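Descriptive analysis of the structure
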Amino acid sequence: MADLPPQVETPVCSAKGCRAPADWALRWNNPRLHDPERRKTWLACDTHRETLGDFLRARGFLRDVTAFTASPTLEQ
């Protein structure tokens, strides 16, 4: 029996309970915990882009928002 290629899952929004495909990458860091150049990523659908961004912005964590293009490592 031939080995099947690994199944690639579609990246989804990071909002709690949302399973919509990701359209946006919200890059952030917590300056109390992370080096200034370090970026963590939350993914967002169109519906949750603003609410997730507002949450991060209110805490001073949001660094940038870019269109999300799926890649295995989330590196763009």
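Here is a short report on the structure shown in this document. Just so it is clear, the structure is predicted and the values come from calculations on it, not from any experiment. Counting restarts for each chain: residues are numbered from 1 in the order of the written sequence. With the structure being a predicted model, the display of local features is reserved for residues of pLDDT at least 70 and the display and counting of side-chain atom pairs for 80 or more, all residues being used for whole-chain, interface and lining totals. Computation of side-chain values: all heavy atoms of the structure, hydrogens and water removed.

Whenever a carboxyl oxygen of Asp or Glu lies within 4 Å of a side-chain nitrogen of Lys or Arg, that contact is scored as a salt bridge. All chains considered together, the criterion is met by 1 salt bridge. For the salt bridge of arginine 57 with aspartate 54, the shortest nitrogen-to-oxygen distance reads 2.8 Å. Here arginine 57 pairs with aspartate 54, and both are found in helix 1 (residues 49–58), just 3 residues apart, close to one helical turn. Residue exposure (1.4 Å probe, protein chains only): buried if accessible area is under 20% of the type maximum, exposed if over 50%, otherwise partly exposed. Residue arginine 57 is classed as partly exposed on the basis of its relative accessible area of 47%. Secondary structure counts use DSSP, requiring at least four H or I residues in a row for a helix and at least two E residues in a row for a strand, with both numbered from the N terminus.

Among the structural elements, arginine 27 can be located in strand 1 (residues 24–28). With 12 residues separating them in the primary sequence, arginine 27 and arginine 39 have C-alpha atoms 5.7 Å apart.

Another aspect to go through is the state of the cysteines. For this text, the term disulfide refers to a pair of cysteine sulfurs within 2.5 Å. Tallied over the full model, the rule gives 0 disulfides. Considering cysteine sulfurs only, cysteine 45 is the nearest to cysteine 13, which forms no disulfide, with 3.8 Å between them. With no disulfide of its own, cysteine 18 has cysteine 45 as its nearest cysteine by sulfur position, at a separation of 3.9 Å. Here cysteine 18 falls in the buried class, since its relative accessible area comes to 13%.

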